[in-house]
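# Structure assessment
Listed below, chain by chain, are the residues.
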Amino acid sequence: MSSEKAQRSSGRLRQATARGILERSGLTCLGLLLFYFAVPIRPRTGDWLILVQVVLTLVALAALLFGLKNQLLRQLDQPDAPLGGLTVGILGGLLLFALIDYAVAVYAPGEFVDLNTRIDALYFATATLLTVGFGDVSAHGQFARALLCVQMFFNVAVLATTASVLSRQLAERARARHPR
């Protein structure tokens, strides 16, 4: 009887832990979205402020790469590790590139065609990540095209790998819970 109680208790603890991880990941994703819409990007900003934003963007990109690398290695070493960090990393990468695309559209008009709002930038970054490319928003200038080359490489090398590990782990966990 005590063995059954211990199993039930262990199961409840796992559910509570999983729920807590899911809630933290969800709140982190919500925070990233709020941050995306709150970052000030305005035309006619001083050159020093643009330089600060570029440096902060590079730091954010480096931190994102470092975090995703650690999460990927963790998943490979511990297949039962929580998947929230990978999900947050994918969204963080998407939002970072959307923000970069929007900043380029604001600070260098003419580099993008029909990229006028943050929603346009998020839509464009998502279409680029998913390799859909509807063609309604496009890179027109050389700088924007070079930026998109970096973005596409990042999408394939980092985000697609992360998404692949995430989906593989979810499928393995589903099979383990519901064996045929």
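Attention now moves to the overall build of the chain. If you tally the helices and strands in the chain, you get 5 helices and 2 strands. Counting every position in the chain, which comprises 180 residues, the buried fraction comes to 35%. Partitioning the intrachain contacts of the chain with sequence separation of at least 6 by distance along the chain shows that 72% fall at a separation of at least 24. Counting only carbon and sulfur atoms, one obtains 66% of the accessible surface of the chain, whose full area is about 11,500 Å².

Take the nonpolar core next. By size, the foremost hydrophobic cluster in this structure holds 41 residues, and its most contacted members are Tyr 36, Ile 41, Phe 112, Leu 115 and Phe 154. Contributions of two or more residues to this core are made by α1 (2-38), α2 (47-77), α3 (84-107), α4 (118-129) and α5 (142-177). Tallying contributions element by element places α3 first for this core, with 16 residues. Residue contacts for Phe 154: discarding those within four places in its chain leaves Leu 61, Leu 64, Leu 65, Gly 93, Phe 97 and Leu 159.

Compared with the 52 Å implied by 1.5 Å per residue over 36 residues, the 50 Å span of α5 between its first and last C-alpha is a close match. Remark: the principal bend of α5, roughly 35 degrees, maps to Asn 155. In this fold, the buried residues of α5 make contact with α2, α3, β1 (112-113), α4 and β2 (138-139).

It is worth spelling out a nonpolar patch on the surface at this point. Taken together, the side chains of Tyr 123, Leu 130, Val 132 and Phe 134 define a hydrophobic patch exposed on the protein surface, amounting to about 410 Å² of accessible area. Residue position: Leu 130 is located in the loop between α4 and β2. Given the relative accessible area of 55%, Leu 130 is considered exposed.

A few words now on α3. Taking 1.5 Å per residue, 24 residues should reach 34 Å; α3 reaches 34 Å between its end C-alpha atoms and fits that length. Burial analysis of α3 places 21 of its 24 residues in the buried class, the great majority of the element.

Let us look at unusual backbone geometry. With a phi angle near 65 degrees, Asp 114 is a residue other than glycine that sits in the positive phi range. Inspection of the secondary structure puts Asp 114 in the loop between β1 and α4.

All right, on to the environment of Val 156 then. With respect to the element layout, Val 156 can be found in helix α5. C-alpha separation for the pair Val 156 and Thr 131, spaced 25 residues apart in sequence, amounts to 9.7 Å.

Per-chain confidence: the chain averages 81 in pLDDT, with 88% of residues scoring 70 or above. When pLDDT is averaged over each helix and strand of the chain, the minimum, 71, is found for α1 and the maximum, 96, for β1.

Direction vectors running N to C along α4 and α5 enclose 55 degrees, while the axes themselves pass 10 Å from each other. Judged by the inter-axis angle, α4 sits oblique to α5. When the axes of α4 and α5 are compared, the crossing they make is right-handed. Here α4 contributes Phe 124, Ala 125, Thr 128 and Leu 129 to the contact with α5, which in turn contributes Leu 148, Gln 151, Met 152, Asn 155 and Leu 159. Split into classes, the residues belonging to the contact of α4 with α5 amount to 6 nonpolar, 3 polar and no charged.

Counted according to the given criterion, the structure contains 4 aromatic pairs. Note on Tyr 36 and Phe 37: the rings are 4.9 Å apart at their centroids and 80 degrees apart in plane angle, and the pair reads as edge-to-face. Judged by its relative accessible area of 1%, Tyr 36 falls in the buried class. On the basis of relative accessible area, Phe 37 is assigned to the partly exposed category, the value being 40%. Where Phe 112 meets Phe 124, the ring centres are 5.5 Å apart and the plane angle is 75 degrees; that geometry is what we call edge-to-face. In this pair, Phe 112 is assigned in strand β1 and Phe 124 in helix α4, connecting sequence segments 12 residues apart. You'll find Phe 112 and Phe 124 in the same group, each marked buried.

What counts as what
- Residues numbered from 1 in each chain as written.
- Predicted model: local features only at pLDDT ≥ 70, side-chain atom pairs only at ≥ 80, totals over all residues.
- Heavy atoms only, no water.
- Helix = DSSP H or I, 4+ residues; strand = E, 2+ residues; numbered from the N terminus.
- Buried < 20%, exposed > 50% of the residue type's maximum accessible area, 1.4 Å probe, protein only.
- Contact = heavy atoms within 4.5 Å.
- Areas by Shrake-Rupley, 256 points an atom, 1.4 Å probe, with all protein chains shown as cover.
- Core = buried A, V, L, I, M, F, W, Y, C linked by side-chain atoms within 4.5 Å.
- Expected span 1.5 Å × (residues − 1).
- Bend = angle between axes of the 7 residues up to and from the residue.
- Patch = residues over 30% accessible without salt bridge, like charges linked within 9 Å, V, L, I, M, F, W, Y side chains within 5 Å.
- Salt bridge = Lys/Arg side-chain N within 4 Å of Asp/Glu carboxyl O.
- pLDDT = per-residue confidence, 0-100.
- Axes fitted to C-alpha atoms, helices over the stretch in contact; angles between N-to-C directions.
- Parallel < 35°, antiparallel > 145°, perpendicular 65-115°, else oblique.
- Left-handed = near helix turned anticlockwise from the far one by under 90°.
- Nonpolar A, V, L, I, M, F, W, Y, C, P; charged D, E, K, R; others polar.
- Phe/Tyr/Trp six-rings, centres within 6.5 Å; stacked < 30°, edge-to-face > 60°.

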